[in-house]
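Notes for the structure review
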Amino acid sequence: MSDLLDYKCPACGGALAFDTATQKMKCPYCDSTYEMAELQQKDAVLDTQQAEMPQNAVTQDNFDWNTDSAQDWNGEDANMSVFVCKSCGGEIVGDQNTVATACPYCGNPVVMSGRLSGQLKPNYVIPFKLDKKAAKDMLKKYVSSKKFAPNAFKSENKLEEIMGIYVPFWLFDSNINASVNYEATRVRTWSDKKYNYTETSYYDIYRQGNMGFANIPVDGSTKMADDLMESIEPFDFNEAVDFQTAYLAGYLADKYDVDMQASIPRANERIKASAEDTLKGTVNGYTSIIPKQSFVQLINGVSKYALYPVWILNTSYKGEKYTFAMNGQTGKFVGDIPIDKGKLAGVFSAIAVGGTAVIFGIGRLLGLL
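Remember, it's a predicted structure, so these values are computed and weren't measured experimentally. (Residues numbered from 1 in each chain as written. Predicted model: local features only at pLDDT ≥ 70, side-chain atom pairs only at ≥ 80, totals over all residues. Heavy atoms only, no water.)

Before going further, it helps to spend a moment on helix H2 (residues 132-144). In this model, H2 (13 residues) spans 18 Å end to end at C-alpha, consistent with the 18 Å of a helix rising 1.5 Å per residue. For H2, the side-chain oxygen to backbone nitrogen distance between the N-cap and Lys133 is 3.3 Å, and the N-cap itself is Asp131. (Helix = DSSP H or I, 4+ residues; strand = E, 2+ residues; numbered from the N terminus. Expected span 1.5 Å × (residues − 1). Polar contact = N/O pair within 3.5 Å; in protein donor to acceptor, adjacent residues only side chain to side chain.)

See the structure below:
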């Protein structure tokens, strides 16, 4: 049975304490009080849930990955060169025909530092399906749709800086057994001639299930922002092929600086969040559903290394750097756009004709940014 000292206030989540004046459990944070009988009933529910748990129910996290799938270059690295940016420190890989180029991260020149060595060979690569012209057209379309973007972003010279690069990803496959406890509420409101009433009922809910995950990607480069790379997902792994250096011809490849072991915590986070969301989808008919405890048991977890195609563009505006990225397989495009304050001021002066009109105008404005 649960210890009373461990009880959390259903209203705010604070730790309950026994109040001698009222002889009830009281929350020192929101002043809610609870009869002892209510808490005994909660104990009974929790004990019943525990008794009804399947024998294979998960009661603690266990992420144990098999990381032995990496492979060596086996001499192919003799044809690969490493280029280093003296400005930002970025390292990229090219074939033996790659000549002086620009850093895909900051745009500054890079210099060849030597042959590739001491790196793992990718297991797979998804070849580029969209060329530079498609990337340029998508960037034009993306920027032109932003009504408050500075005109400088629409100039042709900005489009010429776009580069195709293979970004390193660690991919994780696993089956899991997951269990989650949720706190749910149902809210009922009604009124009489004097008062408005709100009744909130609280529920403890348990869900457990088995799931399978395949090719969960984790960006293996610190130079590539994780949120940017996750924004252009998904990549279709069905089009991946066994890696060959020939696929790098005409493109660059980022040299990973986040190894597989360091990528595992992010993979665990994504698996756990997905499991919670999936099981949450089976809980219906409540006003709110909040996960309180969740546990994941990893089964046959394996990992591999792949290169994914990305078109990127770095440019600056008034001293600030802006990065755009396009999925080189699907064409999904993302990036931050600076705001032309002159254009913005013109819109605000045009709509500032009254409180209601201003609020409406701001609502439409936010939809355009």
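Mean pLDDT over the chain: 75, with 65% of residues reaching 70 or higher. Contacts for the low-pLDDT stretch residues 1-5, under 50 throughout, to residues beyond four places or in other chains number seven contacts. Below a pLDDT of 50 lies the segment residues 354-369, which in the model reaches 17 contacts outside its immediate sequence neighbourhood of four places, other chains included. (pLDDT = per-residue confidence, 0-100. Contact = heavy atoms within 4.5 Å.)

Right, let's get into the pairing of strand S10 (residues 196-219). In this structure, strand S9 (residues 163-191) lies alongside S10, joined through 22 bridges in antiparallel fashion. Its bridge partner being in S10, Val187 is matched across the sheet by Thr200. The antiparallel hairpin formed by S9 and S10 contains four residues in its connecting segment. (Pairing = 2+ DSSP bridges.)

So, on to the pairing of S9. Of all 29 residues that make up S9, 22 are buried, and the element is covered over most of its length. In terms of strand pairing, S9 meets strand S13 (residues 288-317) through 22 bridges, oriented antiparallel. Across the sheet, the residue bridging to Glu183 is Ile290, located in S13. Of the strand pairs in this sheet, S9 and strand S12 (residues 252-254) are connected by two bridges, and their pairing is parallel. Bridge pairing in S12 places Tyr166 opposite Ala253. (Buried < 20%, exposed > 50% of the residue type's maximum accessible area, 1.4 Å probe, protein only.)

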